[in-house]
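Report on the structure
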Amino acid sequence: MLSMKMPTVKYQRGDTVMGRWPGSSLYYEVKVLRFDAKSQLYTVIYKDGTELELKEQDIKSAAGFQTRSRSRSRSRSPGRRRSRSRSPARTTRRSSSRTAAVVAAAAITDSVPPSRRDTKLKDTLEVRLSPLQQTKAAENNSNNKHEKKEEKQKEENNMANKVNETSEAKVEAEPARYNLRRRKDDGGAKPAAAEPEQQEEVAAKMAATLTATLSTPLDFGGKLGAYFWLLFLPAWVLFLVLQVNLEDPSLTNFPPPLPPLEALLDVQAFGFVILWILFQAVLYILPVGKLSEGMPLRSGERLKYRTNGFFAIVVSAVAVAAAVYQGVDLTYIHSHFLQLAVASFLISVLLSVYLYVRSRYTSPEQLALGGNSGNVVYDFFKGRELNPRIKDFDLKFFCEMRPGLIGWCLINFAMALAEMKKQGLDAPSNPMILVNLFQLLYVVDGLWNEEAILTTMDLMHDGFGFMLAFGDLVWVPFTYTMQSYYLVSHPNPLSLPALTAIVILKLVGFYIFRKSNSEKNAFRRNPSDPKLSYLKTIPTATGKSLLVSGWWGVVRHPNYLGDLIMALAWSLPCGFSHLLPWYYMIYFIILLVHRDSRDMSECRRKYGSAWDEYCRTVRYRIIPRVY
Ligand SMILES: NC(=O)c1ccc[n+]([C@@H]2O[C@H](COP(=O)([O-])OP(=O)(O)OC[C@H]3O[C@@H](n4cnc5c(N)ncnc54)[C@H](OP(=O)(O)O)[C@@H]3O)[C@@H](O)[C@H]2O)c1
Ligand SMILES: CC(C)=CCC[C@@H](C)[C@H]1CC[C@H]2C3=C(CC[C@]12C)[C@@]1(C)CC[C@H](O)C(C)(C)[C@@H]1CC3
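Just so it is clear, the structure is predicted and the values come from calculations on it, not from any experiment.

Surrounding ligand 1, one finds 27 residues, the nearest of these being Tyr480, Arg524, Tyr560, Asp563 and Tyr607. Contact between ligand 1 and Lys520: an oxygen atom at 2.6 Å from a side-chain N or O atom of the residue. The separation between an oxygen atom of ligand 1 and a polar side-chain atom of Arg524 is 2.5 Å. For ligand 1, whose unbound accessible area comes to 920 Å², protein coverage reaches 93%. Of all elements in the fold, only helix H14 (457–460), helix H17 (496–525), strand S17 (545–547), helix H18 (558–571), helix H19 (583–607) and helix H20 (609–617) reach the threshold of two or more residues within the shell around ligand 1. Element by element, the count of residues in the shell around ligand 1 is highest for H19, at eight residues. Looking at side-chain class alone, the shell around ligand 1 contains 16 nonpolar, four polar and seven charged residues.

Shown next, in the form of C-alpha cells:
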C-alpha cells in the first residue's frame, strides 16, 4: 500500500488544534487536513464540515484553551456591553451557550463592485459549531500586541458594516456582503436583539461560510458562460431535431426555417409528457425494491433512495407493449418529436424555476458548494440545492434515472416502428436493432445498478438546477435518440463482419464500463470489503482512500473509456454518410473531457497531495498512453 507523508511542519495531518475564524478573534476546534508548502497554508476542517485554509499564525495548539461552560453567567459575557451594538442579526433564542445553532441569512455576490454591494436578503445560513474560549495566558502567549491590534481592526471593519436589526436588513461585509434574517425553525417569536457575543459569532461564521462558498470556482465559463449555455443548449436541441428531419441532414446544411409557434406548442404533446412523468413518479414511489443509502452529506447524514429503477423499466415495457397491443400508434412520437421536445423543455424550465425558488428557503447545509455564487443566472443554471426533496421524493435522483432515461428507450422503440412503417419493412433493420439493443442495455444496466449512481459526481456534488433538469428531461431523450431517428429515413445496410465487429466493440466497452464502475462503487461503499483486499490504495487526509490499482490504476477514468467505446459502437451502425449520427460521439468526448477536468479540480481540492500522488502514479486520464 502506498503511503503519503506530510512535510515536517508545525502541525501534522490529523492534529486537532484551534483555528481562528477569519475576521474574528474566536477559535474553534479544527482538524488539520493538509499543509501546502507552496502557499504555506493549512487546510483545516471545522466541526460543521467547513474546510478553510489558514495561516500558521491563525492556528494554536489545543492546550491553553478551555471549553466555555454552558452555565457561564451571562453577565460575564463581553457581549453584554451594550455600547457594542453592532448586531448583524437578531436571533429568537437567547442562547446561554455558544454551542447553539447560530443562524444567519446571507446574500452573496462577488459580481458587483464594492460600491454597489448592497443586496437583498438571499440565503439562510446555519452553522453549528462549538467555539472554545482562549485562556488569557494562552492568548497572551500566542498573540503579540501588533497581531491583536490588527485583529481588532479587522473585527471592527467587519462589524462596522451596517446591519439593520430587521429580517430584511442589508449588510455589507468583507469578503462579500450579506444580510441576516431569522431562521425558519427558530420558532415563531419575533426577532429580538442578539447578544453582541452572538453577533460576533454570527459574523465570524458567516465570513467563514462565505469564504468557503466563494472560493468554489465557477464552472462552465462562469457567469457569462451560464447565459451562453442557457440559450445555446435549447437552440442546439431545436437545431438537431429540425436537421434530422431533412433528406440530407448534413450539419453544414443551413438549418430549415423555424416552424411557427403554434406548430411548436402542442397541448396534446404536453399532456403526454406530463402523463409519462407522472407514471414514472408513481412507479418511483411504490414501496417496491431496495432502499439504498446515499453517500454521507457534509452534515454526516445519509439520505435514503428507493432504487427500484429496474422494476420501473420492466413495468414501463409491459405498459407500452399493452398499449401497442391495444392499437396505440407509437409512431406519433416520431411525427411529433419536435412538439414533444418543446413540451419537455417547458417542463424542465418550470421545474428549474421551482428548484431555484425553493433553494432560496433552504438552509446552506443543503446547498451544493458550486451553485451558490450569488449570481442569479449562474445559480439558476448550475443548481443550488444538492438534494431537493419533497418529503422522501428525491427530485434529482428521479429526474436523472427515470422519465428521460426510460423515455430514451421508449423513443428508440417508437423509431423502430416508424422505420418499419416508413420503409415498409416487416421488422426493423439490423442497424436499428443494434442501436436499440445497445442503448437499451446501457439504460437497463444503469437501472439495474441504480445504487451506483449515488457515488457519481451529479448525485454527490452538483446542485439540481436547469443544467441537470434540462439535461435529464430534454437532452437525454431528445438528442441521445439521434441515431435511431436518423435510421428511420437513412437506411445503412451492414455486412455480417461489420455487424459482428460492432457487437464485439460494444461488449468490450460495456465490460470496461461496468467493471470499473462496480469496482469503485463497491470500494466506496465498503473499503474493507475482503473481495477488494488485493487492490492498492492511497490514504487521504479525509479518511477516504483512493484506488491506485485494478481498473482505477490503468487510467484515472476507466469508466469514461468504456463509455466512449460504447458510444463509438452506437454510431457505427449508422455509417459515415452524415455527421449527425456521430453527434453523440463528439458531444460525449467534449462532455467527458470536461467532466474529467471538473472532477480533477474537485478531487485536488478534497484530497490535496494524496490526489497529486495518485495522478503521478496513474498518469493518463481516460485513454492509456494517449490522454
Ligand atoms: N451517458 C452519459 O451521458 C454520461 C454522462 C456523464 C457520465 N456518464 C457515466 O456516468 C458514470 C459516472 O460518471 P461521473 O462523471 O460521475 O464520475 P465517476 O468516475 O463515477 O466519479 C468520480 C468520483 O469517483 C471518485 N474517485 C475518483 N478516482 C478514484 C479512485 N482512484 N479511487 C476511488 N474513488 C475515486 C471521486 O469521488 P469520491 O472520492 O468523492 O468518492 C470522484 O469524484 C461514468 O461511467 C460515466 O461514464 C455518462
Ligand atoms: C445539458 C447538458 C449538456 C448536460 C447534462 C448532462 C446530463 C445529460 C448527464 C450528466 C450525467 C449523466 C449520466 C447519465 C445520463 C446523462 C447525464 C444525466 C446516466 C444516468 C446514463 C445511464 C448510465 O448508466 C449512468 C452511469 C447511470 C449515467 C450517469 C450519468
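Moving on, we come to the site of ligand 2. Contacts to ligand 2 come from 16 residues, most closely from Gly446, Ile453, Asp458, Asp472 and Arg595. Relative to its unbound accessible surface of 630 Å², ligand 2 loses 87% to contact with the protein. Those elements giving two or more residues to the shell around ligand 2 turn out to be helix H11 (395–401), helix H13 (430–448) and helix H15 (466–479). By residue number, the principal contributor to the shell around ligand 2 is H15, which donates five residues. Of the residues assigned to the shell around ligand 2, the class counts are 10 nonpolar, two polar and four charged.

Two numbers describe how helix H12 (residues 403–423) lies on H13: the axes approach to 10 Å, and their chain directions differ by 165°. Here H13 runs roughly antiparallel to H12, going by the angle between their axes. You can see that H12 and H13 cross each other, and the crossing is left-handed. Contacts from Leu405, Ile406, Trp408, Cys409, Asn412, Phe413, Met415, Ala416 and Glu419 in H12 reach Met432, Val435, Asn436, Gln439, Leu440, Tyr442, Val443 and Leu447 in H13. Classifying every residue of the contact of H12 with H13 by side-chain character gives 13 nonpolar, three polar and one charged.

For the structure shown, the criterion picks out zero disulfides. Looking at Cys399, it has no disulfide partner, and the nearest cysteine sulfur is the one in Cys409, 17 Å off. In this structure Cys409 is not part of a disulfide, and its nearest cysteine sulfur, from Cys574, lies 16 Å away.

Take the packing of aromatic side chains next. The full count for this structure, using the stated rule, is 42 aromatic pairs. Seen in terms of ring centroids, Tyr511 and Trp551 are 6.1 Å apart; in terms of plane orientation they differ by 70°. Their pairing is edge-to-face. Of the two residues, Tyr511 sits in helix H17 while Trp551 sits in the loop between S17 and H18, which places them 40 residues apart along the sequence. Take Tyr511: its relative accessible area is 48%, and that puts it in the partly exposed class. According to the relative accessible area criterion, Trp551 is partly exposed, its value standing at 24%. Taking the ring centre of Tyr305 as reference, the NZ or CZ of Arg389 above it sits at 4.8 Å.

Right, let's talk about unusual backbone geometry for a bit. A positive phi angle is found at Lys391, which is not glycine, with a value near 55°. Counting through the fold element by element, Lys391 comes out in the loop between strand S14 (389–390) and strand S15 (393–394). If you check the backbone angles, Arg625 has positive phi at about 65° while not being a glycine. On the secondary structure map, Arg625 appears in the segment after H20. On the accessibility criterion, Arg625 (73% relative accessible area) is exposed.

So, on to the environment of Asn387. With respect to the helices and strands, Asn387 occurs in the loop between helix H10 (376–382) and S14. For Asn387, a relative accessible area of 11% translates into the label buried. For Asn387 and Leu367, which are 20 residues apart along the polypeptide, the C-alpha to C-alpha distance reads 8.0 Å. Aside from chain neighbours lying at most four places away, what touches Asn387 is Leu297, Leu303, Tyr305, Gln366, Asp394, Lys396 and Leu459. For Asn387, the side chain forms a polar contact with the side chain of Tyr305, separated by 3.4 Å.

Let's shift gears to helix H16 (residues 482–489). In an α-helix, one full turn covers 3.6 residues, which means residues spaced three or four apart are oriented alike. H16 sits mainly inside the fold: seven of its eight residues count as buried. For H16, the complete set of buried residues consists of Met482, Gln483, Ser484, Tyr485, Tyr486, Leu487 and Val488.

As a further point, take the pairing of strand S2 (residues 27–36). Counting buried positions over the 10 residues of S2 gives seven, a clear majority of the element. Note that strand S1 (residues 16–20) and S2 share five bridges and pair antiparallel. Across the sheet, Met18 pairs through a bridge with Glu29, a residue of S2.

In the UniProt entry, the feature "transmembrane region" (unreviewed entry) is given for residues 224–244, 264–286, 307–325, 337–357, 464–482, 494–513, 534–555 and 567–593. As annotated, residues 224–244 has a helix share of 100% and a strand share of 0%, and its two end C-alpha atoms lie 30 Å apart.

Below, the discussion takes up a nonpolar patch on the surface. Taken together, the side chains of Ile589, Val593, Ile623, Val626 and Tyr627 define a hydrophobic patch exposed on the protein surface, amounting to about 400 Å² of accessible area. Overall, Ile589 belongs to the partly exposed group, its relative accessible area being 39%.

Cut-off values and rules
Residues numbered from 1 in each chain as written. Chains lettered and ligands numbered in written order. Predicted model: local features only at pLDDT ≥ 70, side-chain atom pairs only at ≥ 80, totals over all residues. Heavy atoms only, no water. Near = heavy atom within 4 Å. Polar contact = N/O pair within 3.5 Å; in protein donor to acceptor, adjacent residues only side chain to side chain. Areas by Shrake-Rupley, 256 points an atom, 1.4 Å probe, with all protein chains shown as cover. Helix = DSSP H or I, 4+ residues; strand = E, 2+ residues; numbered from the N terminus. Nonpolar A, V, L, I, M, F, W, Y, C, P; charged D, E, K, R; others polar. Axes fitted to C-alpha atoms, helices over the stretch in contact; angles between N-to-C directions. Parallel < 35°, antiparallel > 145°, perpendicular 65-115°, else oblique. Left-handed = near helix turned anticlockwise from the far one by under 90°. Contact = heavy atoms within 4.5 Å. Disulfide = S-S within 2.5 Å. Phe/Tyr/Trp six-rings, centres within 6.5 Å; stacked < 30°, edge-to-face > 60°. Buried < 20%, exposed > 50% of the residue type's maximum accessible area, 1.4 Å probe, protein only. Lys NZ or Arg CZ within 6 Å of the ring centre and 35° of its normal. Pairing = 2+ DSSP bridges. UniProt positions renumbered as here; feature names shortened; annotations may be inferred. Patch = residues over 30% accessible without salt bridge, like charges linked within 9 Å, V, L, I, M, F, W, Y side chains within 5 Å. Salt bridge = Lys/Arg side-chain N within 4 Å of Asp/Glu carboxyl O.

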